Amino acid sequence: MKCVRCKKKAVIVLRRHNAAFCADCFLHYYKNQVLKNIRKNRMFEKGEKVLVVVSGGKDSMALWDILVKEGYNVVAMYINLGIGEYSNRSQEVVEKFAKENNLPLIVKDIKKEFGLDIYKLSKTLRRSPCSVCGSIKRYLFNKVAYDGGFSAVATGHNLDDEAATLFGNVLNWEEGYLARQGPVLPQTHPKLIKKVKPLYTLTERENMYYVLLNKIEFLHEECPHSVGARSILYKEVLNKLEEESPGTKQRFLSGFLEKGKKHFQDVRERLELKECKNCGQVTTTEECSFCRFVRICNQQ
Ligand code: FES
Ligand code: ZN
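Residues numbered from 1 in each chain as written. Chains lettered and ligands numbered in written order. Predicted model: local features only at pLDDT ≥ 70, side-chain atom pairs only at ≥ 80, totals over all residues. Heavy atoms only, no water.

### Some details on the side chain of threonine 155
Under the convention used in this document: Where helices and strands are cited, they refer to DSSP runs of H or I of at least four residues and of E of at least two residues respectively, numbered from the N terminus. Polar contact is the term for a pair of N or O atoms within 3.5 Å; when the atoms are in protein, one must be able to donate a hydrogen and the other to accept it, and sequence-neighboring residues count only if both atoms are side-chain atoms. When checking whether two residues touch, look at their non-hydrogen atoms; a contact exists if any pair is within 4.5 Å.
Note on placement: threonine 155 falls in the loop between strand S6 (152-154) and helix H7 (159-171). Polar side-chain contacts of threonine 155 include one of 2.8 Å to the side chain of histidine 157. In this view, threonine 155 contacts Val53, Leu63, Val196, Lys197 and Pro198; residues no more than four positions away in its chain are not counted.

What follows is the structure, encoded as structure tokens:
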């Protein structure tokens, strides 16, 4: 098969676009998608400070690399969540990339810095490690971005992630989540920094090609707690649909963003935001969940 752009031999076929690309033209396509997503959704401008959330996986490494290459003002941030060897290996990958490319990187270690233990919290609160971990990550990324004067927090969420999240939210009619789902979570409070997803139209497979073609090291394994997660089941179902009918995920997501999301707009305004009595960060309760976690882990 030939590249649709230059007619050289193609290395990747994108069935949902009815296209095939050689390595150079794929990278050109990839870059254009990212730049278009940033501009179309007004995620951030060239000079603005952007905090890029990195985990060592292919998606966040691809995002970090492309934003640096395109001249955006980015600082990466990594959180060591104390998930055994997985956390240590991912930290190594991220630190190595920063060092080799001379890039700024903020590293936070929740155990060393705050005494937090997601296993203890998960047991005490009877919540899954993933949900505890998610709250900690959201809090710290936002806090560092706010304290550091960043304009946006960028994550490597891809099309597969976004379609699976949407699928789950539709199946359960999670109106609040549907109101907020999208490539940009705007600033609704002076202390809540805007969240953006520049890779939301690119698939996992395309991010994989991007890191492989650029010879970027990444951690192949997923977090051990993601195994058996509901989101993986949703991804499998969507992959089956995609195989039969290429473009399903993209149509599902873009259709929702264009036609469906507006119907949930009024749900968003019902959330009342307060400031945590200890740390001043935004929460819906008196004390934010992060401060509560720190209290639980440090008592006795
Ligand atoms: Fe948070 Fe796996 S990355 S529990
Ligand atoms: Zn707090």
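Okay, back to it.
### Considering unusual backbone geometry
Rules: The buried label goes to any residue with under 20% of its type's maximum accessible area, the exposed label to any with over 50%, and the partly exposed label to all in between, with areas taken from a 1.4 Å probe on protein chains only.
Phi angles above zero are rare outside glycine, and lysine 7 is one such case at about 70°. Along the chain, lysine 7 turns up in the segment before strand S1 (12-14). At lysine 215, a residue that is not glycine, the phi angle is positive and equals roughly 55°. Residue placement: lysine 215 occurs in the loop between helix H9 (204-213) and helix H10 (230-244). In this structure lysine 215 comes out as exposed when scored by relative accessible area, which is 75%.

### Some thoughts on the UniProt feature "domain: 2-thiouridine synthetase TtuA-like N-terminal LIM" (unreviewed entry) in the protein chain
Applicable threshold: UniProt positions are given in the numbering used here, feature names are shortened, and annotations may be inferred rather than shown by experiment.
Look at the UniProt record and you will see "domain: 2-thiouridine synthetase TtuA-like N-terminal LIM" (unreviewed entry) annotated at residues 2-27. Along residues 2-27 one finds 19% helix and 23% strand; the C-alpha atoms at either end are 16 Å apart.

### Quick notes on the coordination of the zinc ion (ligand 2)
Heads up, the rule is: Coordinating donors are taken to be N, O and S atoms lying within 2.8 Å of the metal, or within 3.2 Å when the metal is Na, K or Ca; because water is excluded from the atom set, some sites may appear incomplete. Under this scheme a four-donor centre is tetrahedral when all angles range from 85 to 135 degrees, a four-donor centre is square planar and a six-donor centre octahedral when opposite donors are above 155 degrees with the rest from 65 to 115, and any other centre is irregular.
In this structure, Cys276 (SG), Cys279 (SG), Cys288 (SG) and Cys291 (SG) serve as the protein donors to the zinc ion (ligand 2), at separations of 2.2 to 2.4 Å. Seen from the zinc ion (ligand 2), its four donor atoms lie at angles of 106 to 115°, and the figure they make is tetrahedral. In the primary sequence, the donor residues of the zinc ion (ligand 2) line up as C-x2-C-x8-C-x2-C. In this pair, cysteine 279 is assigned in the loop between strand S9 (274-275) and strand S10 (282-283) and cysteine 291 in helix H13 (residues 289-298), connecting sequence segments 12 residues apart. On the basis of relative accessible area, cysteine 279 is assigned to the partly exposed category, the value being 27%. Looking at cysteine 291, the relative accessible area reads 14%, which means it is buried.

### Remarks on the UniProt feature "domain: tRNA(Ile)-lysidine/2-thiocytidine synthase N-terminal" (unreviewed entry) in the protein chain
The positions UniProt marks with the feature "domain: tRNA(Ile)-lysidine/2-thiocytidine synthase N-terminal" (unreviewed entry) are residues 49-221. End C-alpha to end C-alpha, residues 49-221 measures 30 Å, and it is 53% helix and 15% strand.

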